[in-house]
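Here is how the chains run, residue by residue.
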Amino acid sequence: MLGSPRYFYTFSSRVLPWLVPIAVLTLAAGLVWGLAFAPSDYQQGNSYRIIFIHVPASSGALMGYMALGVSGLVAVVWRMKMAEVMLKAIAPFGAALAAISLVTGALWGKPTWGTYWQWDARMTSMLILLFMYVGVIALQAVIRDPRQAARAAGLLAMVGVINVVIVKYSVEWVQTLHQGSTLKMFGESTIDPAMKYPLLLSMLGLWLLYAVNVLLRARTEVIWRERRSKWVNKLVKEDNR
Amino acid sequence: MNAFRAALGRELLVLWRSPAEIINPLFFFVMVISLFPLAISPKPELLATVAPGVLWVAALLAVMLSLDGLFRRDQESGVLDMLLTAPVMPVVPVLAKLLAHWLLTGLPLVLISPLLGHMLQLPDAALGTVMLSLLLGTPALTIVGAIGAALTVGLNRGGILLAVLVLPLYIPVLIFGAGAVSAAAGGANVDGILAILGALLALTISLGPLAVSAGLKISSGN
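Residues numbered from 1 in each chain as written. Chains lettered and ligands numbered in written order. Predicted model: local features only at pLDDT ≥ 70, side-chain atom pairs only at ≥ 80, totals over all residues. Heavy atoms only, no water.

Some points on the UniProt feature "transmembrane region" (unreviewed entry) in chain B
Residues and elements named next belong to chain B.
Okay, step 1: UniProt tags residues 21-40, 46-67, 125-153, 160-181 and 193-216 as "transmembrane region" (unreviewed entry).
Okay, step 2: Between the first and last C-alpha atoms of residues 160-181 the distance is 28 Å; the span itself is 100% helix and 0% strand.
Okay, step 3: Secondary structure within residues 193-216 divides into 100% helix and 0% strand; the distance between the first and last C-alpha atoms comes to 33 Å. (UniProt positions renumbered as here; feature names shortened; annotations may be inferred. Helix = DSSP H or I, 4+ residues; strand = E, 2+ residues; numbered from the N terminus.)

Quick look at the structure:
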């Protein structure tokens, strides 16, 4: 059902009025809680607070590329139209998040490590992730036929996902400066609960905002692709009335 | 197997008859490397430190640039459409094409690399590792780059776009390739790093031709 562009359009019209306020409120609550009310760190003082932007952005960028890879698989193997639309919709916000992750990481690195940049495993992986987002966007920009562009980008994203994993492990034997994950899906997190909950909240908020962005982009793309179809023309007429 | 041999023979012959495509990457490799002593400094100890990276980056760029026109002639002459209209994935002819291309453009880079390594003041003990790492690495670079070449075959502005697509994918091979040479220059054992390079090569040989075929199908609108 979700594979049909028309169904997607009506479905997202119903979801968005709910999703937008929930995303904005969650993100705002997480950020205000984290930036203003969470306790300061006993070693890093207040400079650690950038974590409430840095970690959500990094996780969003990673998840976005994984989603690109999955959409790529669906688009190349099953040629599903909505997966092709998703390939176009997911990439820009993910690239922006990767850039935000790099910038906030650099700003955080200066007071804590004494340097803006180190060729450490995680930073290098994020930089390469940004490069690969750029590749996916650039390839889609030059191929004229939208279906062909999406499938080409999808194949690139699939190769890219394999590459992300290999890069992650191949840079790890270079001395790593970055701290390990403080949030753990299983087992005890090494972060204080007073910091953990605002962090989880801002992560959730940013992911929801990402979802909103993807839905909006996908809707525009669907309308453009289906501009000659009856249902879009009917929609336009109703809108003009 | 017969189909593979026939395709390989054809590709070798076609490449052999356009010697510029074989010689240019080789000269590119030599020229780029000779820029570094002029640009950085001819001091032997400094050159020896940067040599592994310089050798590997230059080889990587030479392989990548040689791939730009990999499928273009086949596309212009219609051979590509013939391959793609067949009911099976064109993995066999693609593999033959990649092998032929590597034999005539990648292998010469491997063969000349000890000379260039020596000119960059690498210790003699590391020159074997230079060759071995390039021998394992350049085929992987050829195959991964061919995915990018397949995706951009119909576009008239290959060069820079190909680089943007392919360079991030080259990074693991570059890290282990240059890492092996650095380790060898420092007198360390490099078996482990070379084994990882071999593993990357095995991965690209097994999955790469599939991805290249799929890319060609997408580019030709099938």
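Looking at unusual backbone geometry
Okay, step 1: Its identity is not glycine, yet arginine 79 of chain A carries a phi of approximately 55°, on the positive side.
Okay, step 2: Take arginine 79 of chain A: it is sitting in the loop between helix H2 (51-78) and helix H3 (81-113).
Okay, step 3: The phi torsion at glutamine 121 of chain B lies on the positive side, around 70°, for a residue other than glycine.
Okay, step 4: Turning to its location among the elements, glutamine 121 of chain B is positioned in the loop between helix H6 (91-119) and helix H7 (124-151).
Okay, step 5: Look at glutamine 121 of chain B and you get partly exposed, because its relative accessible area is 36%. (Buried < 20%, exposed > 50% of the residue type's maximum accessible area, 1.4 Å probe, protein only.)

Brief notes about the nonpolar core
Okay, step 1: Tyr65 of chain A together with Phe71 of chain B are the most contacted members of the largest nonpolar core, which totals 127 residues.
Okay, step 2: Among the elements that make up this core, the one with the highest residue count is helix H8 (residues 158-185) of chain B (16 residues).
Okay, step 3: Setting aside anything within four residues of it in sequence, one finds tyrosine 65 of chain A in contact with Leu129, Met132, Tyr133, Val136, Leu156, Ala157, Gly160, Val161 and Val164 of chain A.
Okay, step 4: Ile50, Trp108, Met195 and Leu199 of chain A belong to the second largest nonpolar core, which has 10 residues in total. (Core = buried A, V, L, I, M, F, W, Y, C linked by side-chain atoms within 4.5 Å. Contact = heavy atoms within 4.5 Å.)

Some remarks on the packing of helix H2 (residues 19-39) of chain B against H6 of chain B
Residues and elements named next belong to chain B.
Okay, step 1: Axis separation between H2 and H6 bottoms out at 9 Å; the angle between their running directions is 30°. As judged from the angle between their axes, H2 and H6 are roughly parallel. In terms of crossing hand, the pair formed by H2 and H6 is right-handed. Only Leu104, Thr105, Pro108, Leu109, Ile112, Ser113 and Leu116 of H6 make contact with H2, whose side of the interface consists of Glu21, Ile22, Pro25, Leu26, Phe29, Val30 and Ile33.
Okay, step 2: When grouped by side-chain class, the residues that make up the contact of H2 with H6 number 11 nonpolar, 2 polar and 1 charged. (Axes fitted to C-alpha atoms, helices over the stretch in contact; angles between N-to-C directions. Parallel < 35°, antiparallel > 145°, perpendicular 65-115°, else oblique. Left-handed = near helix turned anticlockwise from the far one by under 90°. Nonpolar A, V, L, I, M, F, W, Y, C, P; charged D, E, K, R; others polar.)

Quick word on the interface of chain A and chain B
Okay, step 1: On the side of chain B, 24 residues touch chain A, which itself brings 25 residues to the contact.
Okay, step 2: Between the two partners, chain A and chain B, sit 0 salt bridges.
Okay, step 3: Broken down by secondary-structure element, the contributors of at least two residues to the side of chain A that touches chain B are helix H4 (121-142) and helix H5 (146-170) of chain A.
Okay, step 4: Looking at the side of chain A that touches chain B, the element that brings in the most residues is H5 of chain A, giving 12 residues. (Salt bridge = Lys/Arg side-chain N within 4 Å of Asp/Glu carboxyl O.)

Some details on a nonpolar patch on the surface
Residue and element names in this part refer to chain A.
Okay, step 1: Residues Val32, Trp33, Phe37, Tyr197 and Leu200 make up a contiguous nonpolar surface patch of roughly 520 Å² in combined accessible area.
Okay, step 2: Sorting the residues of the nonpolar patch by element identifies helix H1 (5-37) and helix H6 (193-225) as the ones contributing at least two each.
Okay, step 3: With 3 residues, H1 is the largest single contributor of residues to the nonpolar patch.
Okay, step 4: Along the chain, phenylalanine 37 falls in helix H1. (Patch = residues over 30% accessible without salt bridge, like charges linked within 9 Å, V, L, I, M, F, W, Y side chains within 5 Å. Areas by Shrake-Rupley, 256 points an atom, 1.4 Å probe, with all protein chains shown as cover.)

Overview of the side chain of asparagine 163 of chain A
Okay, step 1: Its location among the elements puts asparagine 163 of chain A in helix H5.
Okay, step 2: From its side chain, asparagine 163 of chain A meets the backbone oxygen of proline 168 of chain B in a polar contact 3.0 Å long. (Polar contact = N/O pair within 3.5 Å; in protein donor to acceptor, adjacent residues only side chain to side chain.)

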